[in-house]
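Residue-level structural notes
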Amino acid sequence: MKTCTKCNLPKATTEFFKNPRGKDGFASRCKLCNNAATAACGKKRYEESSSFRAEVATSVKKWKGDNPDKVSDQVLRTRCKRAGTTVEVYKSLPKKCSFPHCQATKPGGKGDWKLDHDHKPGGKFRGLLCDNHNKGLGHFHDNIEELQDAIDYLKKSKKADEI
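Residues numbered from 1 in each chain as written. Predicted model: local features only at pLDDT ≥ 70, side-chain atom pairs only at ≥ 80, totals over all residues. Heavy atoms only, no water.

1. Quick notes on the nonpolar core
- By size, the foremost hydrophobic cluster in this structure holds 14 residues, and its most contacted members are Cys80, Tyr90, Cys97, Leu115 and Leu128.
- Put simply, the parts of the chain that give this core at least two residues each are α2 (68-83), α3 (87-92) and β6 (125-129).
- If sequence neighbours within four positions are ignored, cysteine 80 has contacts with Thr85, Thr86, Val87, Tyr90 and Leu115. (Core = buried A, V, L, I, M, F, W, Y, C linked by side-chain atoms within 4.5 Å. Buried < 20%, exposed > 50% of the residue type's maximum accessible area, 1.4 Å probe, protein only. Helix = DSSP H or I, 4+ residues; strand = E, 2+ residues; numbered from the N terminus. Contact = heavy atoms within 4.5 Å.)

2. Describing the pattern of salt bridges
- Throughout the structure, instances matching the rule amount to five salt bridges.
- The closest approach of N and O atoms between aspartate 131 and lysine 135, which form a salt bridge, is 3.1 Å. Taken together, the positions of aspartate 131 and lysine 135, both in helix α4 (residues 131-139) and four residues apart, correspond to about one turn of that helix.
- By sharing partners, the salt bridges in this structure join Asp116, Arg126 and Asp142 into a single network. (Salt bridge = Lys/Arg side-chain N within 4 Å of Asp/Glu carboxyl O.)

3. A look at the layout of surface pockets
- By volume, the largest pocket amounts to about 390 Å³.
- Around the largest pocket, the lining is made up of 21 residues, and of these Arg79, Asp112, Trp113, Lys114 and Leu115 lie nearest the centre.
- Of all the elements in the fold, those that place two or more residues in the lining of the largest pocket are α2, β5 (114-117) and α4.
- Top contributing element to the lining of the largest pocket by residue count: α2, with six residues.
- Its residues assigned to classes, the lining of the largest pocket comprises seven nonpolar, six polar and eight charged. (1 Å grid on protein atoms, 1.4 Å probe; cavity = no way out; pocket = protein on both sides within 12 Å on 5 of 7 lines; lining within 4 Å. Points joined across faces, edges and corners; volume = space filled by probe spheres on them. Nonpolar A, V, L, I, M, F, W, Y, C, P; charged D, E, K, R; others polar.)

4. Quick word on unusual backbone geometry
- Within the chain, histidine 141 stands out as a residue other than glycine whose phi angle is a positive 55°.
- Summarising the element assignment, histidine 141 is placed in the loop between α4 and α5 (144-162).

5. Considerations on the packing of aromatic side chains
- For the structure on display, the rule yields zero aromatic pairs.
- Over the ring of phenylalanine 16 we find lysine 2; its NZ or CZ atom is 5.5 Å from the centre of that ring.
- Lysine 95 extends its terminal NZ or CZ atom over the ring of tyrosine 90, reaching a point 4.3 Å from the ring centre. (Phe/Tyr/Trp six-rings, centres within 6.5 Å; stacked < 30°, edge-to-face > 60°. Lys NZ or Arg CZ within 6 Å of the ring centre and 35° of its normal.)

6. Section: the environment of glycine 42
- Positionally, glycine 42 belongs in helix α1 (residues 31-66).
- Residue classification places glycine 42 among the partly exposed positions, given a relative accessible area of 37%.
- Through-space distance from the C-alpha of glycine 42 to that of cysteine 130 is 48 Å; in sequence the pair is 88 residues apart.

The analysis is restricted to geometry; functional conclusions fall outside its scope.
Dropping the structure here:
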């Protein structure tokens, strides 16, 4: 028998976690009291970190509202870096889709023209695309065989319509 230091009740040693640092090789609190203390500590930490996270989010949102130019510059730098190019290269390019027959005069979708790049590690920047062409390539995972299958399908469908 051992007495819990928290609830002061005598209990069998099976009601205590093993602890090699304890005098008798067991924890000083019983499993029930230990679990309750751990849950209370976890709840307190969650509440504290949750309010802290909310405070930081509010602060960041305010800063973004006060500094829209800095935010858009940072977003552009990040996008260029991911696409394997620089802001200078981006700004020097004509703002139009790299697909020769594209009629888009605006990027479409959310934001600006899309920075197209291959998705291999250290991907190479390929050019600017409108939203539709960017999504199209994305859906085909840059797979030339799948794109060729789609072209063949469209050609076959067009021939069937002509008959």
